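For reference, the chains in residue letters:
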Amino acid sequence: MKSKFDHIEVHVKDIKRYCDFLRMIFEGGDYNVISESGTSMFRSPEGIHIEVKKKKSDDLSYESGFCNPCLRRSEARAFIATLGFPIKKQLETPEGTVYFFDDHEGVTWHVKERKE
């Protein structure tokens, strides 16, 4: 039997705020609370499921955030500016520019410039 991808998990301080952030970064989507603890399941417009759970510790390296989530899109720099996060690092690759930024939970994202 073939495996099927189900979801990615993220641990954050504020579940609702992070789900709202995911709606901004994916330009849509929705989420539902799936447990009494407030754990929520976010679904992006293209069907990516992200389970958003309450972080168990303030230690940034312990069960927190994602690990370098990546998006590919046109006008990447301008899009990051609309989110209100400063670009921390920029790399030039043969495929185009890659921009790195940290979100409000301290998760580092990178966005690759998609050539049209």
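For the structure, see preceding data.
For clarity, every value in this text was computed on a predicted model and none was experimentally measured.

Participant: Before we go on, may I ask you to explain the overall build of the protein chain in this structure?
Facilitator: Along the backbone of the protein chain there are two helices and eight strands. Taken from the N to the C terminus, the helices and strands of the protein chain come in the order β-α-β-β-β-β-α-β-β-β. Burial status across the protein chain gives 36% buried among its 116 residues. Residue pairs in contact within the protein chain that sit at least 24 positions apart in sequence constitute 47% of those at least 6 positions apart. By element, 50% of the accessible surface of the protein chain is carried by carbon and sulfur atoms, the whole surface being about 7,500 Å².

Participant: Which parts of the structure should I look at to understand the nonpolar core?
Facilitator: Generally speaking, nonpolar side chains in soluble globular proteins are found buried as a group. Judged by nonpolar contacts, the single largest core of 23 residues is most densely connected at Y18, F21, L22, I25, V52, F101 and W109. Counting residues per element, the ones that place at least two in this core are β1 (8-12), α1 (15-25), β4 (49-54), α2 (76-83), β7 (96-102) and β8 (108-113). In terms of residue count, the dominant contributor to this core is α1 (six residues). In this structure, F101 is in contact with F21, I25, I80, L83, F85, P86, I87, K88, V107, T108, W109 and V111, ignoring residues within four places of it in sequence.

Participant: Would you mind showing me how to read the packing of aromatic side chains here?
Facilitator: Per the stated rule, a full pass over the model turns up five aromatic pairs. Aromatic pair F21 and F85: ring centres 5.8 Å apart, planes at 85 degrees, arrangement edge-to-face. Pair noted here: F21 is in helix α1 and F85 is in the loop between α2 and β6 (87-93), with a separation of 64 residues, a long-range link. Each member of the pair, F21 as well as F85, carries the same accessibility label: buried. Taken together, a centroid distance of 5.8 Å and an interplanar angle of 35 degrees make the contact between F26 and F42 tilted. In this pair, F26 sits in the loop between α1 and β2 (30-33) while F42 sits in strand β3 (residues 40-43), placing the two residues 16 residues apart along the sequence. Each member of the pair F26 and F42 is classed as buried. Three or more aromatic residues link up through ring pairs in this structure, and these residues are Y18, F21, F85, F101 and W109. Directly above the aromatic system of F79 lies the positively charged group of R73, at a separation of 3.7 Å from the ring centroid. Taking NZ or CZ as reference, K89 lies 5.2 Å from the ring centre of F100, over its face.

Participant: Looking at this structure, how should I read the sheet that holds β1?
Facilitator: The strands that make up a sheet pair up through hydrogen bonds in the backbone, lying either parallel or antiparallel. Taken in spatial order, the four strands of this open sheet run β1-β4-β3-β2, and their pairing is mixed. Where the open sheet ends on each side, the last strands, each with one partner, are β1 and β2. The sheet shows a mean angle of 25 degrees between the axes of neighbouring strands, taken without regard to direction. Most of the contacts of α1 go to β4, to which it runs at about 155 degrees, and overall it touches β1, β2, β3 and β4.

Participant: I tried to follow the sheet that holds strand β5 (residues 70-73) on my own but got confused; where do I start?
Facilitator: Within the open sheet, the four strands sit side by side as β5-β8-β7-β6. Their pairing is mixed. Either end of the sheet is taken by a strand with one partner, and the two such strands are β5 and β6. For this sheet, the mean inter-axis angle between neighbouring strands, taken without regard to orientation, is 20 degrees. When β5 meets β8, the two strands line up parallel, connected through four bridges.

Reading the values: rules and limits
Residues numbered from 1 in each chain as written. Predicted model: local features only at pLDDT ≥ 70, side-chain atom pairs only at ≥ 80, totals over all residues. Heavy atoms only, no water. Helix = DSSP H or I, 4+ residues; strand = E, 2+ residues; numbered from the N terminus. Buried < 20%, exposed > 50% of the residue type's maximum accessible area, 1.4 Å probe, protein only. Contact = heavy atoms within 4.5 Å. Areas by Shrake-Rupley, 256 points an atom, 1.4 Å probe, with all protein chains shown as cover. Core = buried A, V, L, I, M, F, W, Y, C linked by side-chain atoms within 4.5 Å. Phe/Tyr/Trp six-rings, centres within 6.5 Å; stacked < 30°, edge-to-face > 60°. Lys NZ or Arg CZ within 6 Å of the ring centre and 35° of its normal. Pairing = 2+ DSSP bridges. Axes fitted to C-alpha atoms, helices over the stretch in contact; angles between N-to-C directions.

Just geometry here; none of it tells us what the structure is for.
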